[in-house]
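Results of the structural survey
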Amino acid sequence: PNDIIFVTKGNAGQTNLTPDPVNFCIAQDMLALRADEDVVDPQFLFALLREKSTLYAIQQMHVGSLIPHFKKGDFDQLYFKIPTCKKVQAEIGKIYFSLTNKIQLLREQNETLEALAQTLFKRWFIDFNVPDENGNPYKDSGGKMIPSELGEIPEGWRIGKLGEISNTTSGGTPSRKEPSYYNGGTIPWVKSKELCNGYICSTEETITLNGLKKSSAKLL
């Protein structure tokens, strides 16, 4: 318990904290770090190893062009700033670990909700068992189906194009050759890769008003 599992090959630098009780063993290309608790709190060390600057330092030490590989001997090249007060370490580690668990729990809940949403979508829009006016599954309760170019659909439905029910607008990218379009910007700028989760809470970059005016980007 409290050993830190560290991946050395592939996703080199990825870490996790061993639970209590320990009911598993680890495979190759991983190792376990055991904190010297006279020097550092285990959960604080776990937080340090997941910190952005640490992960960046680990990435710079990768060897191998196809599969990133971190050599065990390179641990001597990793340096940390550690509070000498163990109480401070413990508090930081405890808070980080608590937040990490909360994030993981929410992620698992999101996966469950996503699976439920997919099941509901199939039931309503593929099997056409959308609830009728009485709350019963439309198709199973004898609802009338009519033919269409996409197959049978419930009576009262129609086939249409996306452009008939929505308005579209295109995005744009301010010139990367002009740093002033980005530095000090206040307008959130959404990139396509940030849409993978289906919603936007924040953006990696912002652009300036001048960057907006000088590009094909649209303010939404």
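Source: prediction; values computed, not measured. (Residues numbered from 1 in each chain as written. Predicted model: local features only at pLDDT ≥ 70, side-chain atom pairs only at ≥ 80, totals over all residues. Heavy atoms only, no water.)

We now examine unusual backbone geometry. Going from Asp20 to Pro21, the amide bond is cis rather than trans, its omega being 5°. With respect to the element layout, Pro21 can be found in the loop between strand E2 (15-17) and strand E3 (30-33). The backbone of Asn2 shows a phi angle near 75°, a positive value even though the residue is not glycine. Counting through the fold element by element, Asn2 comes out in the segment before strand E1 (4-7). By relative accessible area, Asn2 is classed as partly exposed at 32%. Positioned with a positive phi, Asp29 is a non-glycine residue whose angle comes to about 65°. Assignment of secondary structure puts Asp29 in the loop between E2 and E3. Residue class for Asp29 comes out partly exposed when judged on its relative accessible area of 33%. (Helix = DSSP H or I, 4+ residues; strand = E, 2+ residues; numbered from the N terminus. Buried < 20%, exposed > 50% of the residue type's maximum accessible area, 1.4 Å probe, protein only.)

Residues Ile4, Phe6, Leu33, Leu45 and Phe70 are the most contacted members of the largest nonpolar core, which totals 17 residues. If you list the elements that add at least two residues to this core, you get E1, E3 and helix H1 (42-50). The element best represented in this core is H1, accounting for five residues. Setting aside residues up to four positions removed in sequence, Ile4 forms contacts with Thr15, Asn16, Leu17, Leu31, Ala32, Leu33, Pro42, Leu45, Phe46 and Leu49. One finds Tyr181, Ile187, Trp189 and Ala217 within the second-largest nonpolar core, a separate group that totals seven residues. (Core = buried A, V, L, I, M, F, W, Y, C linked by side-chain atoms within 4.5 Å. Contact = heavy atoms within 4.5 Å.)

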